[in-house]
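If you want the building blocks of each chain, they are given just below.
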Amino acid sequence: MKKRIIIALAMCVLAGQSVMGAQERDRNHGPKEKPTFEEVSQRKAERMAMDLALDDATAREFIELYKARLHEHKALNDKYKGKKIAKGEKKPAYKTDAEVEKKIKDGFDRRQERLDLDRKHYDQFRKVLGPKQIQKMYSIEGQKKKAATQKAAAKKSEGKRSEGNGRRLGAV
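Quick caveat, the model's predicted, so the values are computed rather than measured.

A. Main features of the pattern of salt bridges. Per the stated rule, a full pass over the model turns up twelve salt bridges. Here aspartate 51 and arginine 47 are joined by a salt bridge, their closest N and O atoms 3.3 Å apart. Taken together, the residues aspartate 51 and arginine 47, both in helix 2 (residues 37-51) and four residues apart, mark about one turn of the helix. Of the residues examined, arginine 47 reaches a relative accessible area of 41% and is grouped as partly exposed. For glutamate 101, the salt bridge goes to lysine 105, with nearest N and O atoms at 3.4 Å. Linking glutamate 101 with lysine 105, this pair stays in helix 4 (residues 97-126), spanning four residues, or about one helical turn. In this structure lysine 105 comes out as partly exposed when scored by relative accessible area, which is 46%. Taken together, the shared-partner salt bridges in this structure form one network comprising Glu38, Glu64 and Lys67.

Printed below as a string of structure tokens:
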């Protein structure tokens, strides 16, 4: 009987130590810092160069061009970024004809600027890459955008499931 009590007590002590050790490891690491846009663009450019299987000299030139492209696209997105509505606030129920027309024309301007940027960068990439490599680059970007969109949609729907009325999906 004494052996069982001693063994149970030893198990509790060991379990407590492992939990405390895990908490200590978490405290040491702290929250992760979000990488800067510069770091992210560098990694994206290096990954794209690797996906395109470029030699070292071409990769160096390509990475600089690709990073410049990412920065210019970010600047364009920031320029047209609209005011976000605070959580809980509702969008205005109606807009005037002038507001709707301005939004449509801004969309035209944004798409035209993006097209101009894409043409400019295509010409720059064409000096370094062949047409098939450029097409592959655009294809890879499209695949990554699609995957990111699907991941965001899955995350959003996962959040909605947990906010539901407590009933399982498909339950009657």
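B. Representation of the nonpolar core within the structure. If you look at the biggest cluster of nonpolar residues, it comprises 17 residues, and the most contacted ones within it are Leu52, Phe62, Tyr66, Phe125, Leu129 and Met137. Within the residue set of this core, elements represented by two or more residues are helix 2, helix 3 (56-80) and helix 5 (131-162). Ranked by the residues each element gives to this core, the list is headed by helix 3, at six residues.

What counts as what
- Residues numbered from 1 in each chain as written.
- Predicted model: local features only at pLDDT ≥ 70, side-chain atom pairs only at ≥ 80, totals over all residues.
- Heavy atoms only, no water.
- Salt bridge = Lys/Arg side-chain N within 4 Å of Asp/Glu carboxyl O.
- Helix = DSSP H or I, 4+ residues; strand = E, 2+ residues; numbered from the N terminus.
- Buried < 20%, exposed > 50% of the residue type's maximum accessible area, 1.4 Å probe, protein only.
- Core = buried A, V, L, I, M, F, W, Y, C linked by side-chain atoms within 4.5 Å.

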